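Structural description and commentary
Residues per chain are reported as follows:
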Amino acid sequence: MSVAAVAVFCGSRFGTRPAFLAAAREMGTGLGEAGMRLVYGGGDVGLMGAVADATLLAGGQVSGVIPTFLQSREVMHAGVDDLTVTDSMHSRKQLMFARADAFVVLPGGLGTFDETMEIVTWRQLKLHDKPIFIVNVAGWADAMLAMLDAAVHDGFAETSALALFEVVPDVATVMARLTATPRQPTTEDVSRL
Ligand SMILES: Nc1ncnc2c1ncn2[C@@H]1O[C@H](COP(=O)(O)O)[C@@H](O)[C@H]1O
């Protein structure tokens, strides 16, 4: 069975290039059409909102997880099937992790970098073994990937750290990989965080 639920990390802004919004919409449409549930940050802003809107438009299911203090800043999405309000950023991230079988990173800013590094380092610590895909739309992730390469070059990470995630060029490729990826167990992972 392929993955059932996919957490998407991406920007709360649209970014400057049209390719970013196009990728977010394509991602949401792909998940909806594939019958995979979107797990995301629960906001109705930027690329986050665009992924959720496109998933819903394609007939898909959406789980949003938003902390109380961001409810107004990220404009909690009123249209999602299942919206959970958490008491902290940490519990938001933990719940998103628990609900997802795989992680997809689309273009974004500091929050997206934080979420990406956390889920990668949790895998490095063997707290989970769920697949992580970084979609390098229009090269937006080049600088982040260069930083990781530098960590290996400078002796702060093993070369094997670069295999904790997979870099794909576009949404079509990540959808093909998600479809081919068997579902991983979820509950045991959560209890160790
Ligand atoms: N420090 C943060 N840790 C986790 N998540 C964060 C943090 N700062 C912002 N976020 C969330 O990430 C997404 C995207 O943020 P961008 O900065 O636009 O990439 C958003 O839901 C933030 O709440």
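This is a predicted model, so every value here is computed, not measured.

A tally of regular secondary structure across the protein gives seven helices and seven strands. When the helices and strands of the protein are read in sequence order from the N terminus, they spell out β-α-β-α-β-β-α-β-α-β-α-β-α-α. Over its C-alpha atoms the protein spans a radius of gyration of 16 Å, differing by no more than 12% from the 16 Å that the globule rule assigns to 193 residues. When the backbone C-alpha atoms are referred to their principal axes, the protein occupies close to 45 × 40 × 35 Å. When contacts within the protein are restricted to residue pairs at least 6 apart in sequence, those whose partners lie at least 24 apart make up 72%. In the structure as shown, the protein presents an accessible area of about 9000 Å², 57% of it carried by carbon and sulfur atoms. Within the protein, the 21 negative side-chain charges are centred at a point lying 3 Å from the centre of the 14 positive side-chain charges.

Moving on, we get to the environment of Arg13. Following the sequence through the fold, Arg13 ends up in the loop between β1 (5–9) and α1 (18–34). Using a relative accessible area of 69% as the deciding quantity, one classes Arg13 as exposed. Distance in space between the C-alpha atoms of Arg13 and Met48 is 7.9 Å, their sequence separation being 35 residues. If we skip the residues at most four places from it in the chain, Arg13 touches Gly46 and Leu47.

This paragraph deals with the pattern of salt bridges. Side chains carrying opposite charge are able to pair once their charged atoms draw close together. A full pass over the atoms with the stated rule returns six salt bridges. In this structure, Arg92 and Glu74 form a salt bridge, with 3.0 Å as the shortest nitrogen-oxygen distance. Pair noted here: Arg92 is in helix α3 (residues 89–99) and Glu74 is in the loop between β3 (62–67) and β4 (82–86), with a separation of 18 residues, a long-range link. The exposure class of Glu74 is buried, given its relative accessible area of 12%. For Arg123, the salt bridge identified is with Asp129, shortest N-O distance 2.9 Å.

For a regular strand, side chains alternate in direction, first toward one face of the sheet and then toward the other. Burial within β1 is extensive, with five of its five residues counted as buried. With burial as the criterion, each face of β1 is covered, one bearing Ala5, Ala7 and Phe9 and the other bearing Val6 and Val8. For β1 and strand β2 (residues 37–40), the ladder comprises three bridges, and the chain directions are parallel. Bridging across to β2, Ala7 finds its partner in Val39.

For the rest of this paragraph, the subject is the nonpolar core. Membership of the largest hydrophobic core comes to 54 residues, with the highest contact counts inside it found for Val8, Met27, Leu31, Val104, Leu106, Val174 and Leu178. Not counting chain neighbours up to four residues away, the residues in contact with Val8 comprise Met27, Leu31, Leu38, Val39, Tyr40, Val51, Met96, Val104 and Leu106.

With 94% of its residues at a pLDDT of 70 or more, the protein shows a mean pLDDT of 93. Confidence estimates for the predicted assembly give a pTM of 0.94 and an ipTM of 0.90.

So, on to α1. Along its 17 residues, α1 runs 24 Å from first to last C-alpha, staying within 8% of the 24 Å computed at 1.5 Å per residue. Within the sequence span of α1, burial applies to Phe20, Ala23, Ala24, Met27, Gly28, Gly30, Leu31 and Gly32. For α1, the secondary structure elements touched by its buried residues are β1, β2, α2 (46–57), β5 (102–105) and α6 (171–180).

Quick look at the packing of aromatic side chains now. According to the stated counting rule, one finds four aromatic pairs in the structure shown. Seen in terms of ring centroids, Phe9 and Phe103 are 5.9 Å apart; in terms of plane orientation they differ by 10 degrees. Their pairing is stacked. Here Phe9, found in strand β1, pairs with Phe103, found in strand β5; they are 94 residues apart in sequence, far enough to count as distant. With a relative accessible area of 0%, Phe103 lands in the buried category. Between the aromatic rings of Phe97 and Phe103, the centroid separation amounts to 6.0 Å while the plane-to-plane angle is 5 degrees, which identifies the pairing as stacked. Judged by its relative accessible area of 1%, Phe97 falls in the buried class. In this structure an aromatic cluster arises from ring pairing among Phe9, Phe97, Phe103 and Trp122. Against the face of Phe97 rests Lys130, its NZ or CZ located 4.0 Å from the ring centre.

What counts, and where the lines are drawn
Residues numbered from 1 in each chain as written. Predicted model: local features only at pLDDT ≥ 70, side-chain atom pairs only at ≥ 80, totals over all residues. Heavy atoms only, no water. Helix = DSSP H or I, 4+ residues; strand = E, 2+ residues; numbered from the N terminus. Rg over C-alpha atoms; globule rule 2.2 N^0.38 Å. Contact = heavy atoms within 4.5 Å. Areas by Shrake-Rupley, 256 points an atom, 1.4 Å probe, with all protein chains shown as cover. Lys, Arg positive; Asp, Glu negative; His and termini not counted. Charge placed at Lys NZ, Arg CZ, Asp CG, Glu CD. Buried < 20%, exposed > 50% of the residue type's maximum accessible area, 1.4 Å probe, protein only. Salt bridge = Lys/Arg side-chain N within 4 Å of Asp/Glu carboxyl O. Pairing = 2+ DSSP bridges. Core = buried A, V, L, I, M, F, W, Y, C linked by side-chain atoms within 4.5 Å. pLDDT = per-residue confidence, 0-100. Expected span 1.5 Å × (residues − 1). Phe/Tyr/Trp six-rings, centres within 6.5 Å; stacked < 30°, edge-to-face > 60°. Lys NZ or Arg CZ within 6 Å of the ring centre and 35° of its normal.

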